[in-house]
Amino acid sequence: MLLAPVPLPGCVCLPWASALMDLWGRSWRRVVPEAGGKRPSPPNRSRVNGWSRPLHSFQAVAWVTVLIMAVASFGIFIPFLPRDWKDVAYGVSFTATGGLFFLHLSVHLLAVSIDPAEPNVRRKKNYSEPVPTFDRSKHAHVIQDQYCHLCEVTVSPKAKHCSACNKCVSGFDHHCKWLNNCVGGRNYWYFFLSVASALAGLLCLTAVLLYVSIQFFIDPAELRTHPCYKKVSNKNTWLLFLPLFPVKVKTPVVLGIGVLVLLLDIIGLLLLGHLLVFHLYLMAKKLSTFDYMTQGRQQQTPRAAAEKEELSVQTRLPQVQRCPSSSPLILCRPGTTPRVTL
Ligand SMILES: [Zn+2]
Ligand SMILES: [Zn+2]
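Looking at an unreviewed UniProt entry, one finds the protein named Palmitoyltransferase, with Neovison vison as its source organism. According to UniProt, the comment filed for the protein under the heading Catalytic activity (unreviewed entry) is "L-cysteinyl-[protein] + hexadecanoyl-CoA = S-hexadecanoyl-L-cysteinyl-[protein] + CoA". Taken from UniProt, the Subcellular location (unreviewed entry) comment for the protein reads in full: "Membrane".

Here it is as structure tokens:
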């Protein structure tokens, strides 16, 4: 089944976002088929958290990006700030950026490490044992009357059985590929803070990059106020990783790093800004990502006409486990079902 991308509401539906959603979401807009199909099967055992196998490439991309931005901020660009106002601006920049970085690191780690499973799943389930295969000849749906036939426990009304984690998640919002973990009631605020702190950190970095870029062309001497530059006579030579591990590089290297970091910064600002606005909108409407996406599906008609019958069956079944989004901007795993037909 193919699902059209669900446009975000009103002011948050930007043309570039829709295009990106369409581009990235193209291969994700599928529902995992029944057992025996070609699409990826859910793991045999329930995953505990974002560190459980299988790991995801998006997860590695997220951590590498965090590392690059941290090294670029603290090792390269903040040390360019003028020595004479370092006590104030440098201190503020370092403290603000550093504080945001450690806040982001903490909440990011918590969002990845927390097991968002239902209390009964965490209490009763043995994660080392294989999850049974769903037998639709015996049950119409995975969750019926708040009982999950795969987890074999009773669950709360807002629980969904995530196919990527192969377990029921309490207060299911979405499965996040970047965290490689489900986002549910237990870790939603850590996820939200992770997005907000990353965005705030990128805004700080943007301010520093803007200052450095402007001074680079107007008055480069303002960027060479650190005492280590007294030993550097060539104006075409710059020092990175001050003050601890000064490394001499030429101007093109600094420019290349600057352009790369600025590009990552802009991409991060656009994606995270869009995501933050989307979740603020969801909060205002008291919706989860799952609620929003299932509502959106119901409102779609043209492209989904041929799928209407199947979709209507799915959306009538709130306990059926479907990760809702195909959008990289919502950072979800697309709708999937563990060896289940609906
Ligand atoms: Zn379950
Ligand atoms: Zn999940």
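A word on the pairing of strand S8 (residues 237–240). In terms of strand pairing, S8 meets strand S9 (residues 247–250) through four bridges, oriented antiparallel. When the bridges of S9 are listed, Leu239 appears paired with Lys248. In this structure, the hairpin formed by S8 and S9 is closed by a connection of six residues, where Phe241 is found at a positive phi of approximately 60°.

Time to look at the nonpolar core. In terms of nonpolar packing, the biggest core is built from 55 residues, with Phe77, Ala111, Cys148, Cys168, Val169, Phe191 and Val208 touching the most fellow members. At the level of elements, helix H2 (57–77), helix H3 (86–113), strand S5 (167–169), strand S7 (181–183), helix H5 (188–218), helix H6 (251–285) and helix H7 (289–299) are the ones that each hand at least two residues to this core. In terms of residue count, H5 provides more of this core than any other element does, twelve residues in total. Setting aside anything within four residues of it in sequence, one finds Val169 in contact with Pro116, Ala117, Glu118, Ala159, Lys160, Cys162, Cys182 and Gly184.

With that out of the way, let us pick up the environment of Tyr229. Examined against the element boundaries, Tyr229 turns out to sit in the loop between H5 and S8. Distance in space between the C-alpha atoms of Tyr229 and Pro246 is 9.9 Å, their sequence separation being 17 residues. In this structure, Tyr229 is in contact with Arg224 and Leu239, ignoring residues within four places of it in sequence.

It is worth spelling out the sheet that holds strand S3 (residues 153–154) at this point. On the basis of which strands lie adjacent, the open sheet formed by three strands has the order S1-S2-S3 and antiparallel pairing. A single partner strand is all that each edge strand has here, and the edge strands are strand S1 (143–144) and S3. As defined by bridge partners, S1 adjoins strand S2 (residues 147–148) across two bridges and the pair is classed as antiparallel. Within the sheet, the bridge partner assigned to Ile143 lies in S2 and is Cys148.

Per-residue confidence for the protein averages 76 on the pLDDT scale, and 71% of its residues sit at or above 70. Below a pLDDT of 50 lies the segment residues 1–38, which in the model reaches 63 contacts outside its immediate sequence neighbourhood of four places, other chains included. Throughout residues 304–342 the model reports pLDDT below 50, and contacts reaching past four residues in sequence, or to other chains, amount to 116 contacts.

Our focus in this paragraph is the UniProt feature "transmembrane region" (unreviewed entry) in the protein. Under the present numbering, the feature "transmembrane region" (unreviewed entry) in UniProt falls on residues 60–81, 88–114, 188–218, 238–260 and 266–284. Within residues 188–218, the helical portion is 100% and the strand portion 0%, while the C-alpha atoms at the span's ends are 45 Å from each other. For the annotated span residues 238–260, helix accounts for 43% and strand for 30% of the residues, and the straight-line distance between the end C-alpha atoms is 17 Å.

Here we come to the packing of H2 against H6. At a closest axis distance of 11 Å, the pairing of H2 and H6 adopts a crossing angle of 130°. Between H2 and H6, the angle is such that the two are oblique. The way H2 lies across H6 gives a crossing that is left-handed. Judged by residue contacts, Thr65, Ile68, Met69, Ala72 and Ile76 of H2 engage Ile257, Val261 and Leu264 from H6. Per-class residue counts for the contact of H2 with H6 are seven nonpolar, one polar and no charged.

Calculation criteria
Along every chain, residues carry numbers that run from 1 in the direction the sequence is written. Ligands are numbered from 1 and chains lettered from A, in the order in which they are written. Given that the model is predicted, a residue must reach a pLDDT of at least 70 before its local features are reported, and side-chain atom pairs must reach 80 or more before they are shown or counted; all residues, however, enter totals for whole chains, interfaces and linings. UniProt positions are given in the numbering used here, feature names are shortened, and annotations may be inferred rather than shown by experiment. Criterion used throughout: strands pair if DSSP finds at least two bridges between them. Where helices and strands are cited, they refer to DSSP runs of H or I of at least four residues and of E of at least two residues respectively, numbered from the N terminus. In this usage, the nonpolar core is the set of buried Ala, Val, Leu, Ile, Met, Phe, Trp, Tyr and Cys residues whose C-beta atoms join them within 7 Å. Residues are called buried when their C-beta atom has 20 or more other C-beta atoms within 10 Å, exposed when it has 12 or fewer, and partly exposed otherwise; all C-beta atoms are positioned from the backbone. Each residue gets a C-beta atom placed from its backbone, and two residues are in contact if those atoms lie within 7 Å. On a range of 0 to 100, pLDDT expresses the predictor's confidence in each residue. Between the N-to-C directions of two axes lies an angle of 0 to 180 degrees, each axis being a line fitted to C-alpha atoms and, for a helix, fitted only over the stretch in contact. Here the angle decides the label: under 35 degrees means roughly parallel, over 145 means roughly antiparallel, 65 to 115 means roughly perpendicular, and every other value means oblique. Crossing handedness is read from the near helix: turned anticlockwise from the far helix by less than a right angle, it gives a left-handed crossing, and turned clockwise, a right-handed one. Residues are grouped as follows: Ala, Val, Leu, Ile, Met, Phe, Trp, Tyr, Cys and Pro are nonpolar; Asp, Glu, Lys and Arg are charged; all remaining types, including Gly, are polar.

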